[in-house]
Amino acid sequence: MKRIEQHASFGGQQEVWAHASSALGCEMRLGVYLPEPALRGHKCPVLYWLSGLTCTEQNFISKAGAQKHAAQHGFIVVAPDTSPRGEDVANNDAYDLGQGAGFYVNATQAPWTPHFRMQDYVAEELPNLIEQHFAASDQRGIFGHSMGGHGALVTALRQPGRYRSVSAFSPIVAPSQVPWGQKALGAYLGADRHAWREWDAVELLADTRHEKLHLLVDQGEADEFLAEQLRPELLQAACKAAGHPLTLRMQPRHDHSYYFIATFLGEHFDHHAQYLS
């Protein structure tokens, strides 16, 4: 672990760290906000933020205004990059595949297999790393935006008992049914659509073994991707069929941007605080 940035913020410290990832086989960067109690060595709950397409660790920590909310609640907030990076890591010229577009899955297809294991990184390696190197408790929540909202929902559903809370902004709820997801899952997992089901929140909700964490989802009604890529009505129907608790809030005039995220982020921190002591 090598610290490459540190900034005082709301009594705590916003840091950026780099480390060699065993899951991804490359160097990864992540933002870590440490509230004042964590700086004193007091163990704090951790919120993991997963960003969307094209983002790095910098987008959330510089645009969302999360530090104020994290300081108020005493949460460590961890924001990793969205994919493996490097000259030897497979890539694609499109913005929605390859570097910057890991989709938080474990790839099974060449040329992606050697590095694109973002689920293992987010759900296994990253918590172990954070809890080893910082004053972090094992109380974890997860949230994200767009592709990262998909990642947060899928990771929480796939990892029962690992997270106490989950929420999302503008998530890709049914990647098997929308162009972004079909392109990514087809490339990373192959043509067998049955294999895609394990990475689709709507499909996972049909499995009675999943943990019924209360889902909070905010979606802007003016989001340019709403009808074609996001389709929150599919999540609503799946939750109703499964008896899974969901609060879906359609926000008038709001789009897909960080202005939207920053507007409602405090309420998402309040949601997670109900479950993280």
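The coordinates are above.
Quick caveat: nothing in here was measured; it's all calculated off a predicted structure. (Residues numbered from 1 in each chain as written. Predicted model: local features only at pLDDT ≥ 70, side-chain atom pairs only at ≥ 80, totals over all residues. Heavy atoms only, no water.)

Novice: How do you make sense of the packing of aromatic side chains when you look at a structure like this?
Specialist: Each aromatic ring pair is summarised here by two numbers: the centre-to-centre distance and the angle between the ring planes. In this structure the tally under the stated criterion is 13 aromatic pairs. Here the aromatic rings of Trp 49 and Phe 60 are separated by 4.2 Å at their centres, their planes lie at 15 degrees, and the arrangement is stacked. Note that Trp 49 is positioned in strand S4 (residues 44-50) and Phe 60 in helix H2 (residues 58-63), a separation of 11 residues in sequence. Taking the relative accessible area as the measure of exposure, Phe 60 reaches 1% and is therefore buried. Considering the side-chain rings of Trp 49 and Phe 169, the 6.1 Å spacing of their centres and the 55 degrees angle between planes classify their relative orientation as tilted. Here Trp 49 is found in strand S4, whereas its partner Phe 169 is found in strand S7 (residues 165-169), with 120 residues between them in sequence. You'll find Trp 49 and Phe 169 in the same group, each marked buried. One aromatic cluster is present, formed by Trp 49, Phe 60, Phe 75, Phe 143, Phe 169, Phe 260, Phe 264 and Phe 269 through successive ring pairs. Above the face of the Trp 199 ring, Arg 158 is positioned so that its terminal group lies 3.7 Å from the ring centre. (Phe/Tyr/Trp six-rings, centres within 6.5 Å; stacked < 30°, edge-to-face > 60°. Helix = DSSP H or I, 4+ residues; strand = E, 2+ residues; numbered from the N terminus. Buried < 20%, exposed > 50% of the residue type's maximum accessible area, 1.4 Å probe, protein only. Lys NZ or Arg CZ within 6 Å of the ring centre and 35° of its normal.)

Novice: How should I be thinking about empty space enclosed by the protein in this particular structure?
Specialist: The method is simple in principle: a probe with the dimensions of a water molecule rolls over the atoms, and the space it marks as empty is what remains. Evaluated as defined, the whole model comprises one cavity of 30 Å³ or more. A volume near 30 Å³ is recorded for the largest cavity. Residue lining of the largest cavity: Gln 14, Tyr 33, Phe 60, Ile 61, Ala 66, Gln 67 and Val 77, and that is the complete set. Only H2 and helix H3 (66-73) provide two or more residues apiece to the lining of the largest cavity. Across the lining of the largest cavity, the residue classes break down as five nonpolar, two polar and no charged. (1 Å grid on protein atoms, 1.4 Å probe; cavity = no way out; pocket = protein on both sides within 12 Å on 5 of 7 lines; lining within 4 Å. Points joined across faces, edges and corners; volume = space filled by probe spheres on them. Nonpolar A, V, L, I, M, F, W, Y, C, P; charged D, E, K, R; others polar.)

Keep in mind these values describe shape, not function.
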